[in-house]
Amino acid sequence: MTTRLEWAPEPRRVAKNDRHSGFVAIDFGTTNTTMTLYDRNVAERPPLPAAQHAALLEAVTSLLTDGLPVTDMPRERHHKEWKGVLDGIAADRLDRPDATAAALVQLIKGTTATSPGELHDLIRDLDRRAATCTEAVRRWLRYRLHRCHEAAFTAPALEQRWLHVVTFGDLESSEVISRAEVRQENPLLVRLRPQTFEGQEKTPVAVLNLKQLVTRVPPESHIDQENRAIGAEGLFAGVVSSLLGRGDGFIEEGRPAFGPGRLDHVVLTYPTMSSPDVRRNLRRIVHETLGVTLVDTDYDEAIAAALFFLMRDLGPHYGTGLEALRARYRPVKGATGAYEENVLVIDVGGGTTDIALVRFLLKDRTARHRVEMLPYTGRDYSIVPTLRGTSGKAQRGGNFLTLRVFHWLKAVIADLVLRSAAESGSTDVRQWLDLTVSELHPSRRDGKKYLAGKLQGDMLAVLRGGTAGRRMHDPDLFADVERVVRTHYRGDPPLDETSADRAGRLFDGLWRLAEKVKLSLNEQPEHVIDELDLRPLIDIAFEESQTSQPGILQKPVLGQATLHDITRPMLEEIAQLALGLAQARLDGPDDRLDRIVLTGKAGMTPLLRTVIKERFCARDADPAKFDSVEIVGERRYAKNAASIGAAWAAVVRGYHLSDDEVRNIVVHGGTDVDIDIDNLFRNLPYTLIRGGGGDHDSTLFKVGDEFPQHRGGRSFLRSRLLRLGDGLTVQRVVYGGTNQEWGSFKWENALVDQQRADPSFEINRTIWPAQISAQVEVDDHQELRLHLWRGEEPGYLVMDRDAIEVVHMADRLADQDIAFGLDMAERITVNRPTGNDDLGGSRVFTTHDSAAGPFFQRFTDDSGRSVDGVISGCPLPDPPRNGQWAFFLDQDERSLELGTVTAPADAAYTSYWATLDETGSLRIHAERPDYWKARDVADLQDHSGKVLTLDISVRPQRGVDPDDPYNGQQ
């Protein structure tokens, strides 16, 4: 029987006066985790950032050790000349006539960003010596020096942005493996650390797939070897607590450069395809369970990676960086001083692939300041990133590639064991072989004889066939391989403790070997599994068995071509997702893709670049959109890109100068750039449809729909009105892939919940579901809600006390003997002076679009009295210079003035709406009137028009995910 445990760490209680003034961005990955600290207290910053110094040092070291290219300069005299240059510099620098290039490498090895002198002096000496070289050597040397500086300037300038990659002191690394070890059970203490082996302390609980568990809906428990179900939410809170502790230690070690205090502000990234439930849960866990005061979950991993590359390209000095961007971007047709670039970011991490299509618009706004353009006049730029769409897929990352190699190796070893056993003279080995072969599928044996090579060959055929693998092809094959090499450490019914432990250790050993083989075959044509790798696996497989171990006939030789065959299907799936998004969102002859950026550790797989190039250049792709695309990657910061990008975005988002401040910078020759991070969240990055085909048009919202801005910080979209029917399922459209459930609602469940809360509640079956209408809402934080009401129309709460002013239109018209009617609404205009139609004006109440609902609606005041009314189809335009809205009625070819309303001081920054009811009251509201709210299902059932608003979630994910490497059944 499974015991359920909900462990939780001690909450972080950071006093207000003890809070660190900055924050930390955490990218909790499937396989590795990184953190980036923002601390503006650092006063001194090196002239060349540490990352750029490291890149420059690596490039110069390579220059000193690589030698001249033999193909370009085959003559011996050129090589002697280059050796003479290095020896001469070494002799001068070290004051030793016998010094060589190796001594120069050692000399610059100890340089740092704060003490770069020897490195810079060496570069200067190389540049000077180039002038005395022969033409061939001089040309080559200056080219290599240029590449050295290029390598440096393409590294991110972190310190110039007050950003610092957190290093884990005990590991001396900027990333830590996402393997959670429980050090104490309750209160929970968790630490991320690599696995321990023989002779080291073992831990009772170690979780390798915590990210998969906590991003399922609902979060799934970890089942340990004692069959205890440990809640993933508490484990994740423990991990974040441990990471913040490490962040506090990093700050303390950096004092006095860093500011005082403990971290109490977290920016948390998450997979792009995470549903609203996942994002909500992660925020709640860190804020409520752990007690962190500020938790920012605005940046998914694809967006964060895209912003990392923008930050990197801008460099340490925005002035030069912006000019470089302007040179690379395409001029926008018909727009002076505007340049653009469409970038497709493909972040292939350990567990997920995250894809974002972003348009970067660079605008030169200097002319707006009306300053004299002199040689020393500065520049005012803005960069406006627009998120044109996102995509991706869970369980499509480096772990999935390793999993495919794992199954390949498992079949190779199973085949080798069976063939070796057939040659054994041992009686017990022969008995084991006869029993095992008799249980194999008939296609893999000839009577009692195993068909040598059949397991390996069948497995390769399945792995080459696609990514569905075991779910769609030959499940008996995986069962046959498992009979020989038992790596399933979980089952139903549960395994005994000894068997589970042995299978778990065999899985761990084979998984490490698969990772080793994958990395090896990415660099070389073949890999030989030697005795040191193979024998421990055989020992585990046959320990505590009555069977002798079969001898091993040969060492398996694995080829790179086979690795490409079995990993290509996943890479092609990623390429198709990326292409599908680009094709769906790039429209028009001038709208083309400029760059594809690969990041994430698995994104550096050499074959991925080849597959993407093939797919985007295929005949069914649009050559006009993709023929000039550039594919670039980031190897040094492949894993850190998301946490750095999220941290930088959070910093830049709050940085804006006034027009006067910018003008002063420009006049004095400086450059200012305003980066509108908020624009990333002004459009919906995906299409949502109603699943099940209940409506003729299933589209609820389209990718690119703009969120209307509302007072109070909320921006949201509402769908057309829907019939509820049996229920409602919302799906996210995945271009080039399979649509993903985004939310689901069953009305029967809501009624059951109401009866549990109120046993006296009686269901009216004539109302449910026949008389129930629905509407879906999504906001700019991608929260999904459902509005339900009884009847055709929702009710709106419209009260005099909530309006900034009320114009009694019926009374004004009665003075002119004109009878008021609600149908006059379509003839009401604003900002149109009487008798001067040429000055224009705007109609206030136009026919609403499908998203805004019907033209006539029901208004209710706080007393419950209901009247017919109408809401303006969009916010009122800005008031004229006199600060007053003037309202008119077009009547018999005349414009009758209805009245004026003085606009509040914040009218330029707030949306104002108008309502008109059947009594003739014209009201102006500081935000769009909201629905007449129902308290619960019973209140909705009892009052026609009352609206019940619910958060909707995806249906619980049941069963074992076959693509999860750590599900215990691989």
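Criteria and thresholds
Residues numbered from 1 in each chain as written. Predicted model: local features only at pLDDT ≥ 70, side-chain atom pairs only at ≥ 80, totals over all residues. Heavy atoms only, no water. Helix = DSSP H or I, 4+ residues; strand = E, 2+ residues; numbered from the N terminus. Rg over C-alpha atoms; globule rule 2.2 N^0.38 Å. Buried < 20%, exposed > 50% of the residue type's maximum accessible area, 1.4 Å probe, protein only. Areas by Shrake-Rupley, 256 points an atom, 1.4 Å probe, with all protein chains shown as cover. Lys, Arg positive; Asp, Glu negative; His and termini not counted. Charge placed at Lys NZ, Arg CZ, Asp CG, Glu CD. Expected span 1.5 Å × (residues − 1). Arc of directions from axis to C-beta. Contact = heavy atoms within 4.5 Å. Pairing = 2+ DSSP bridges. Polar contact = N/O pair within 3.5 Å; in protein donor to acceptor, adjacent residues only side chain to side chain. Core = buried A, V, L, I, M, F, W, Y, C linked by side-chain atoms within 4.5 Å. Phe/Tyr/Trp six-rings, centres within 6.5 Å; stacked < 30°, edge-to-face > 60°. Axes fitted to C-alpha atoms, helices over the stretch in contact; angles between N-to-C directions. Salt bridge = Lys/Arg side-chain N within 4 Å of Asp/Glu carboxyl O.

An unreviewed UniProt entry lists the protein under the name Molecular chaperone DnaK (HSP70), with Sphaerimonospora cavernae as the source organism.

1. Thoughts on the overall build of the protein
A count of helical and extended segments in the protein gives 24 helices and 42 strands. For 970 residues, the compact-globule formula gives about 30 Å, and the C-alpha radius of gyration of the protein, at 33 Å, lands near that figure. Viewed in the frame of its principal axes, the protein has a C-alpha envelope of about 110 × 80 × 60 Å. Expressed as a percentage of the 970 residues in the protein, the buried residues total 54%. Summed over all atoms, the accessible surface of the protein reaches about 43,000 Å², with 48% contributed by carbon and sulfur. Of the side chains in the protein, 119 bear a positive and 144 a negative charge, and the two mean positions are spaced by 4 Å.

2. Digging into helix α12 (residues 427–438)
Across its 12 residues, α12 extends 17 Å between first and last C-alpha, which sits within 8% of the 16 Å expected from 1.5 Å per residue. Turning to α12, its buried residues number three or more, namely Asp 428, Val 429, Trp 432, Leu 433, Thr 436 and Val 437. One side of α12 carries all its buried residues, which in axial view fall inside an arc of 160°. In α12, the exposed positions angled more than 90 degrees off the buried face are occupied by Thr 427, Gln 431 and Leu 435. At its buried positions, α12 is contacted by α11 (398–422), β17 (445–446), β18 (449–450), α14 (475–484) and α16 (531–542).

3. Examining the sheet that holds strand β35 (residues 842–843)
With respect to topology, 4 strands assemble into an open sheet ordered β35-β34-β38-β39, the strand pairing being antiparallel. Across the chains shown, the open sheet's two edge strands, defined by having one partner strand only, are β35 and β39 (894–902). In this sheet, β39 lies alongside strand β38 (residues 884–891) in antiparallel orientation, the contact comprising 8 bridges. Note that in β39 the partner of Asp 890 across the bridge is Ser 895.

4. Concerning the environment of Trp 82
Mapped onto the elements, Trp 82 comes out in helix α2 (residues 76–94). Separated by 18 residues in sequence, Trp 82 and Leu 64 place their C-alpha atoms 9.8 Å apart. In contact with Trp 82, not counting residues within four places along its chain, are Leu 63, Gly 67, Leu 68, Leu 126, Trp 140 and Leu 141.

5. Digging into the side chain of Thr 436
Topologically, Thr 436 is positioned in helix α12. Taking the relative accessible area as the measure of exposure, Thr 436 reaches 5% and is therefore buried. Polar side-chain contacts of Thr 436 include one of 2.8 Å to the backbone oxygen of Trp 432. The contact partners of Thr 436, leaving out residues within four places of it in the chain, are Leu 418, Arg 483 and Val 484.

6. Overview of the nonpolar core
Leu 344, Ile 346, Trp 408, Leu 409, Ile 596, Ile 612 and Phe 616 are the most contacted members of the largest nonpolar core, which has 82 residues in total. With 15 residues, α11 is the largest single contributor of residues to this core. With residues near it in sequence (within four places) discarded, Ile 596 still touches Leu 344, Ile 346, Ile 612, Phe 616, Val 629, Glu 630, Ile 631 and Val 632. Membership of the second largest hydrophobic core comes to 53 residues, among which are Val 165, Ala 304, Leu 307 and Val 345.

7. What to know about the packing of aromatic side chains
For the coordinates displayed, the defined rule picks out 19 aromatic pairs. When the centroid spacing of 5.1 Å and the interplanar angle of 85° are considered together, the rings of Phe 616 and Phe 626 count as edge-to-face. Within this pair, whereas Phe 616 is found in helix α18 (residues 606–616), its partner Phe 626 is found in helix α19 (residues 623–626), the two being separated by 10 residues in sequence. Residue classification places Phe 616 among the buried residues on the basis of a relative accessible area of 3%. For Phe 626, a relative accessible area of 1% puts it in the buried group. An angle of 65° between the planes, with centres 5.3 Å apart, marks the rings of Tyr 686 and Trp 742 as edge-to-face. Of this pair, Tyr 686 sits in the loop between β23 (671–675) and β24 (688–690) while Trp 742 sits in strand β29 (residues 740–745), and the two are 56 residues apart along the sequence. Look at Trp 742 and you get buried, because its relative accessible area is 0%. Taken together through their ring pairs, the aromatic side chains of Phe 406, Tyr 489, Phe 507, Trp 511 and Tyr 966 make up a single cluster.

8. Overview of the sheet that holds strand β25 (residues 699–701)
Taken in spatial order, the 4 strands make up an open sheet running β25-β24-β28-β29, and their pairing is antiparallel. Unpaired on one side and paired on the other, β25 and β29 mark the two borders of the sheet. Each strand axis lies, on average, 30° off the axis of its neighbour in the sheet, ignoring direction. As judged from the 3 bridges shared by β24 and strand β28 (residues 728–732), these two strands associate in the antiparallel manner. Bridging across to β28, Leu 688 finds its partner in Arg 732.

9. Let's talk about the pattern of salt bridges
Taken as a whole, this structure holds 77 salt bridges when the rule is applied. Between Arg 653 and Asp 678 there is a salt bridge whose closest N-O contact spans 2.5 Å. Here Arg 653 is found in helix α20 (residues 641–653), whereas its partner Asp 678 is found in the loop between β23 and β24, with 25 residues between them in sequence. Owing to a relative accessible area of 22%, Arg 653 belongs among the partly exposed residues under this scheme. Connected via shared salt-bridge partners are Arg 312, Asp 313, Arg 328, Glu 341, Arg 595, Glu 630 and Glu 634.

10. As for the pairing of strand β21 (residues 595–599)
In terms of residue burial, β21 counts as a mostly covered element, since 5 of its 5 residues are buried. Where burial is concerned, the two faces of β21 agree: the one with Arg 595, Val 597 and Thr 599 and the one with Ile 596 and Leu 598 are both buried. Bridge count for strand β14 (residues 338–348) against β21 is 5 bridges, and the pairing is parallel. Note on β21: the bridge partner recorded for Leu 344 is Ile 596. Pairing geometry for β21 and strand β22 (residues 630–633), over 4 bridges, is parallel. Paired with Leu 598 across the bridge in β22 is Gly 633.

11. Section: unusual backbone geometry
Of note, the amide linkage connecting Asn 186 to Pro 187 takes the cis form, showing an omega dihedral of 5°. Checked against the element boundaries, Pro 187 lands in the loop between β6 (180–184) and β7 (189–192). In the segment running from Val 217 into Pro 218, the intervening peptide bond is cis, with an omega of -10°. Among the secondary structure elements, Pro 218 is positioned in the loop between α6 (210–214) and β9 (222–223). A positive phi is found at Asp 95, a non-glycine position, where the angle reads about 55°. Looking at where Asp 95 falls in the secondary structure, it is placed in the loop between α2 and α3 (101–109).

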